[in-house]
Amino acid sequence: MRGLLVVADAIERMLRAIADWSGWLMIVLMIVICFDILSRKMGYQIPGMGSTRLQELEWHLHTVLFSMWLGQCYILNAHPRVDTLTAARPLRTRAWVELAGCLAFALPYAGIVAWFGLGFVATSYLTGESSEAVVGLSQRWIIKGLFVLGLWMLVAAIVAVILRLTVFLSGSEAGRRADLNIERFVDPT
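These figures come from a predicted structure and were not determined experimentally.

Calculation notes
Residues numbered from 1 in each chain as written. Predicted model: local features only at pLDDT ≥ 70, side-chain atom pairs only at ≥ 80, totals over all residues. Heavy atoms only, no water. Salt bridge = Lys/Arg side-chain N within 4 Å of Asp/Glu carboxyl O. Helix = DSSP H or I, 4+ residues; strand = E, 2+ residues; numbered from the N terminus. Buried < 20%, exposed > 50% of the residue type's maximum accessible area, 1.4 Å probe, protein only. Axes fitted to C-alpha atoms, helices over the stretch in contact; angles between N-to-C directions. Parallel < 35°, antiparallel > 145°, perpendicular 65-115°, else oblique. Contact = heavy atoms within 4.5 Å. Nonpolar A, V, L, I, M, F, W, Y, C, P; charged D, E, K, R; others polar.

A separate point is the pattern of salt bridges. All chains considered together, the criterion is met by five salt bridges. Among the salt bridges present, the one from Arg-140 reaches Glu-56, with a minimum N-O distance of 3.9 Å. Taken as a pair, Arg-140 in helix α5 (residues 140-170) and Glu-56 in helix α3 (residues 51-75) lie far apart in primary sequence, 84 residues in all. When its relative accessible area of 5% is taken as the criterion, Glu-56 is described as buried. Residues joined in a network through salt bridges with shared partners are Asp-9, Glu-12 and Arg-164.

Put into structure tokens, the structure is as follows:
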């Protein structure tokens, strides 16, 4: 059981590091938005970097930020949840419900979407997909690849939660001695 916790901790550290790193893109996004607004208001455009490209860059940066935080948000329990049936139940019952939900719904759904996303990226790369706008950004496969990477990070986060719940529900010595912080996965707050 200790090995499961080591794997869960490693996944969580990786997701936290990626989320922390990508958070700096928010500053880049703010600069791009401000520059786009100011350049349109003043009527000046840098040659080759028109408003269309800047707006597409804004969308791409939003996508990267969203994608790179998917897994970390799942680990932090920052996703919408409706727990009207389990909110008053004991912690162990809520953990069983969470484990069943992860195994029956979250992992299969996220895994299927992430798996088929790989083909989505490959097709974009092989066809040389670019923006539909004549002056838009090229290499659309890059942003699609980052989105699919975010989906795989969500799959990793679900696996980490499943591992922690498994250790908790096993009642093993490792589970009793470790600070599993299971409440963060099963509480509706």
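Our next topic: the packing of helix α1 (residues 2-23) against helix α2 (residues 25-42). Packed helices, taken two at a time, are described by the angle their axes make and the gap between the axes. For the pair α1 and α2, the least separation of the axes is 5 Å and the interaxial angle reads 25°. When the interaxial angle is binned, α1 and α2 end up roughly parallel. Only Leu-25, Met-26 and Ile-27 of α2 make contact with α1, whose side of the interface consists of Trp-21, Ser-22 and Gly-23. The class makeup of the residues in the contact of α1 with α2 is four nonpolar, two polar and no charged.

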